[in-house]
Amino acid sequence: MALMGMLAALACQPRKDVESSTPPVVVDADPTPAGEGKHDAPAPSFEYPKAARGDVVDEYHGVKVADPYRWLEDLDGERTRAWVEAENAVTFRYLETIAEREAIRERLTALWNYERWGVPSRHGDRYVVSRNDGLQNQSVLYTLDRLDGEPTLLLDPNTLAKDGTVALSGTNFSQSGTLMAYGTSASGSDWEVWKVRDVATAQDRPDELRWIKFSDVAWTRGDEGFYYARYDAPKAGDELEDLNYDQKVYYHRVGTTQDQDVLVYARPDHKDWGFTPTVTEDGQYLVLTVRIGTDPRKSIFFQKIPNGGRGPSKGVAKGPAKTMKELLPDFRASYAFIGNDGPVFYFRTDDGAPKGRIVAVDTRKPVGKNQRELVGEAADTLRSASLVGDSLFLGYLKDAHSKVEIFDLKGKRTGEVELPGLGSAGGFGGKRSHTETFYSFSSFATPGTIHRFDLRSKKSEVFREPKVAFSPGDYVTEQVFYASKDGTRIPMFLSRRKDLKPSADTPTYLYGYGGFDIAITPSFSVPNLVWMEMGGLYAVANLRGGGEYGEDWHQAGTKLDKQNVFDDFIAAAEYLVAQGWTSPAKLAIGGRSNGGLLVGAVMTQRPDLFGAALPGVGVMDMLRFNQFTIGWAWESDYGSPADPEQFKALRSYSPYHNLKEGTAYPATLVYTADHDDRVVPGHSYKFAAQLQHAHAGKTPVLIRIDTKSGHGAGKPTAKQIEEWADLWGFVVDNLDMTPMGGS
């Protein structure tokens, strides 16, 4: 999961054999000279809702800092609700005046309407796979008796809510494959409810588990139960804002109520510890991956599972097991469990290897003296590892695009998965007994194609290839490298229609993230395809703070060095202008979550460099981010305002605190959601109110607040289409793009 860290990835996907009768929306730039445009031209003035400025002042290390919109943190307050309603009224009144908006919505709908499949997995004698017929709000889960067989319905999340706002958030199958534990989330919240379903009948058992976040489940032998991690129930009414501390590990026996679950492990002395339980494939061991917030450094604990691997017995006294052993303590490096041969465990780690390696750890030997290297550090960055059959599938990033190599358990390289091109590959799951695995491959102009890989022949074949109503051959992606402010070499992908030539009039959308060890790699997105169809250049900068080049690259964009991330993004924009690809008046920037922070920071530092900005669900108040839900966990990347030096760094770029009165900012559409309990919407509310107060230009600075939505995961297709029609409509209008016919 991603924001941040464990916490999540979003993807847009699209109908098989659908040919759209709707012509593409093609947009070109008007002849406005480079460096000029709507940013400086006369435009209608906007009358923004009145937002009272309070007199709240906090003191940090002797420095007084005003927080005039503190009242907007009260999400359910009467004043806040009235302000939200008024802001949405202004925003949608403006959006409805954009002539191109409806055509963009129609094209998004046409392109999104294609059949798409997920990566299959095998459980017992069945395959399980997700499928969306095109415009379904949520993908549907099916079983297959054989790969070419007819799908049998297992779970349709679209039946859980009429508007599609209840999403499937996770699944895990018992060792025999006869039972499925599954989690759902409502209105985009990170809170999940887990249930148990009989796979053969597709009927639920009575089990229901609540107050679960950031946890998978791990089944024990005999299909009798599973381990999971949960928080204590929050106070009524504070579910979306309460701090998330003191996660605990429980064992649930199928057929019992949650209040009978056995407490397996808790650390009240370390309330910031979080746990991910895993049961080894042989059913002998429970492995706990222990994290502190989003810090990639982990500790690993383990214990023998009682009762022959079936789990704790009924009636076991509640209380943490004292049989838990520390295998890799002290959070000294990243560790990801891969599998085991009895007492020998395999891990992917950056311990002693910033770009990653594979080690074997003998659990019978003393702590800290038991690692044996199987696959050493390479020039490329090791990002994933799985054990299928007796083969290790190692996923590397070579300049931010995928490469997959295969090794045996002695560390000998035995082959490579031949990928179709420059893009992203993911999947490669399975068990030691399997002779096949599945993966997805996509790129900026290649929708996710599902492949089956045969371990015996070491060959791939296409399992499902989507048919989308466009011609991938009409698009091209190139990778360039540019120098950041301090000379660091930064990669960037440029994707476009083949007939698009560099010009100061080229509308350009520059996207970035730059944080939490997350790598941004080529992937397919209907909104991005529509942008390129309209004649736009789509640019993705791989900034420091991410995971593209290992832990050193990540750390170079954190805490006191966070400014490097913003410098990298600003340098990307300057490169695009200097190379003649665009001009500031034609350059839009966007990012979500930590990427929303990125956009907020650079538009306050260089308002002259951009024509439009789309900060989504962003972390905008860097002095109070750690006061809500899981925000405290981000201190591993951002630092803490309680530390004097880190406070100085945080205040220096905090978007909310660096908006200056009398400044003309780019046209800005802030967007957030009322059920976002990861980056609470108060961040965006306060930033938007301050932006409207400070802005001296005539370009619109607005906020779009979605309802019954959260941070982004599980957002219904219909809501995604509406959101992107609004975002692209805003950019088209403010970059002075002119619709044209053709394709």
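Please read all numbers here as calculations on a predicted model, not as lab measurements. (Residues numbered from 1 in each chain as written. Predicted model: local features only at pLDDT ≥ 70, side-chain atom pairs only at ≥ 80, totals over all residues. Heavy atoms only, no water.)

Considering every residue of the protein chain, the mean pLDDT works out to 90; 91% of them sit at 70 or more. Long-range and interchain partners of residues 1-44, a stretch whose pLDDT sits below 50, account for 150 contacts in this model, where long-range means more than four residues apart. (pLDDT = per-residue confidence, 0-100. Contact = heavy atoms within 4.5 Å.)

Quick look at helix α1 (residues 78-95) now. Relative to the 26 Å expected for 18 residues at 1.5 Å per residue, α1 spans 26 Å between its end C-alpha atoms, a close match to the ideal helical length. All of the buried residues along α1 are Thr-80, Trp-83, Val-84, Glu-87, Asn-88, Val-90, Thr-91, Tyr-94 and Leu-95. All buried residues of α1 project into a common sector of 165° when viewed along the axis, lining one side. Exposed and oriented more than 90 degrees from the buried face of α1 are Glu-78, Glu-85 and Arg-93. Elements in contact with the buried residues of α1: α2 (101-112), β39 (667-673), α10 (682-694), β40 (701-706) and α11 (717-734). (Helix = DSSP H or I, 4+ residues; strand = E, 2+ residues; numbered from the N terminus. Expected span 1.5 Å × (residues − 1). Buried < 20%, exposed > 50% of the residue type's maximum accessible area, 1.4 Å probe, protein only. Arc of directions from axis to C-beta.)

All right, on to unusual backbone geometry then. The residue His-61 is not glycine, and still its phi comes out positive at about 55°. Tracing the chain through its elements places His-61 in the loop between β2 (57-60) and β3 (63-66). What makes His-61 partly exposed here is its relative accessible area of 42%. Positioned with a positive phi, Thr-629 is a non-glycine residue whose angle comes to about 35°. On the secondary structure map, Thr-629 appears in the loop between β38 (612-616) and α8 (635-638).

Let's shift gears to the sheet that holds strand β20 (residues 325-333). Strands sit in the order β17-β18-β19-β20 across an open sheet of four strands; the sheet is antiparallel. The open sheet has two edge strands, β17 (273-279) and β20, and neither has a second partner. On average, each strand axis in the sheet is inclined to that of its neighbour by 20°, with strand direction left out of account. (Pairing = 2+ DSSP bridges. Axes fitted to C-alpha atoms, helices over the stretch in contact; angles between N-to-C directions.)

An α-helix turns once per 3.6 residues; consequently, residues spaced three or four apart project the same way. Look at α10: 18 Å from first C-alpha to last across 13 residues, which is about the 18 Å you get at 1.5 Å a residue. Within α10, 12 of the 13 residues are buried, which leaves it mostly tucked inside the rest of the structure. For α10, every residue scored as buried is listed here: Gly-682, His-683, Ser-684, Tyr-685, Lys-686, Phe-687, Ala-688, Ala-689, Gln-690, Leu-691, Gln-692 and Ala-694. Check the buried side of α10 and you find it contacts α1, α7 (594-605), β39 and β40.

With respect to the helices, strands and loops of the structure, Asp-58 is situated in strand β2. C-alpha of Asp-58 to C-alpha of Leu-623: the two residues are 565 residues apart in sequence and 9.8 Å apart in space. Among residues more than four places away in sequence, those in contact with Asp-58 are Val-63, Lys-64, Val-65 and Arg-70.

Here the focus is the side chain of Ser-402. Tracing the sequence through the fold places Ser-402 in strand β27 (residues 401-408). Ser-402 gets classed as buried once you look at its relative accessible area, which sits at 14%. Within the local environment of Ser-402, its side chain forms a polar contact with the backbone nitrogen of Ala-425, the two atoms lying 2.9 Å apart. Excluding residues that lie within four positions of it along the chain, Ser-402 makes contacts with Tyr-396, Leu-397, Leu-419, Gly-423, Ser-424 and Ala-425. (Polar contact = N/O pair within 3.5 Å; in protein donor to acceptor, adjacent residues only side chain to side chain.)

Let us look at the side chain of Ser-654. Residue position: Ser-654 is located in the loop between α9 (644-653) and β39. Look at Ser-654 and you get buried, because its relative accessible area is 0%. With residues up to four places along the chain from it excluded, the contact list for Ser-654 reads Met-620, Asp-621 and Met-622.

Glancing now at the packing of α1 against α11. For the pair α1 and α11, the least separation of the axes is 10 Å and the interaxial angle reads 65°. For the crossing formed where α1 meets α11, the hand is left-handed. Each of Phe-92, Tyr-94 and Leu-95 in α1 lies in contact with α11, whose residues at this interface are Asp-726, Phe-730, Asp-733 and Asn-734. In terms of residue class, the contact of α1 with α11 is made up of four nonpolar, one polar and two charged. (Left-handed = near helix turned anticlockwise from the far one by under 90°. Nonpolar A, V, L, I, M, F, W, Y, C, P; charged D, E, K, R; others polar.)

This next bit is on the nonpolar core. Grouped together as the largest cluster of nonpolar side chains are 121 residues, with contacts concentrated most on Trp-83, Met-492, Leu-510, Leu-576 and Tyr-638. At nine residues, helix α6 (residues 563-578) tops the list of elements feeding residues into this core. (Core = buried A, V, L, I, M, F, W, Y, C linked by side-chain atoms within 4.5 Å.)

Pairing within the open sheet is antiparallel, and its four strands lie in the order β25-β26-β27-β28. Edge positions in the open sheet fall to β25 (381-388) and β28 (413-417), since each of these has one partner strand only. Strand-to-strand twist of the sheet, defined as the mean angle between neighbouring strand axes without regard to direction, takes the value 25°. For strand β26 (residues 391-398) and β27, the ladder comprises eight bridges, and the chain directions are antiparallel. By the bridge assignment for β27, Leu-397 is matched with Ser-402.

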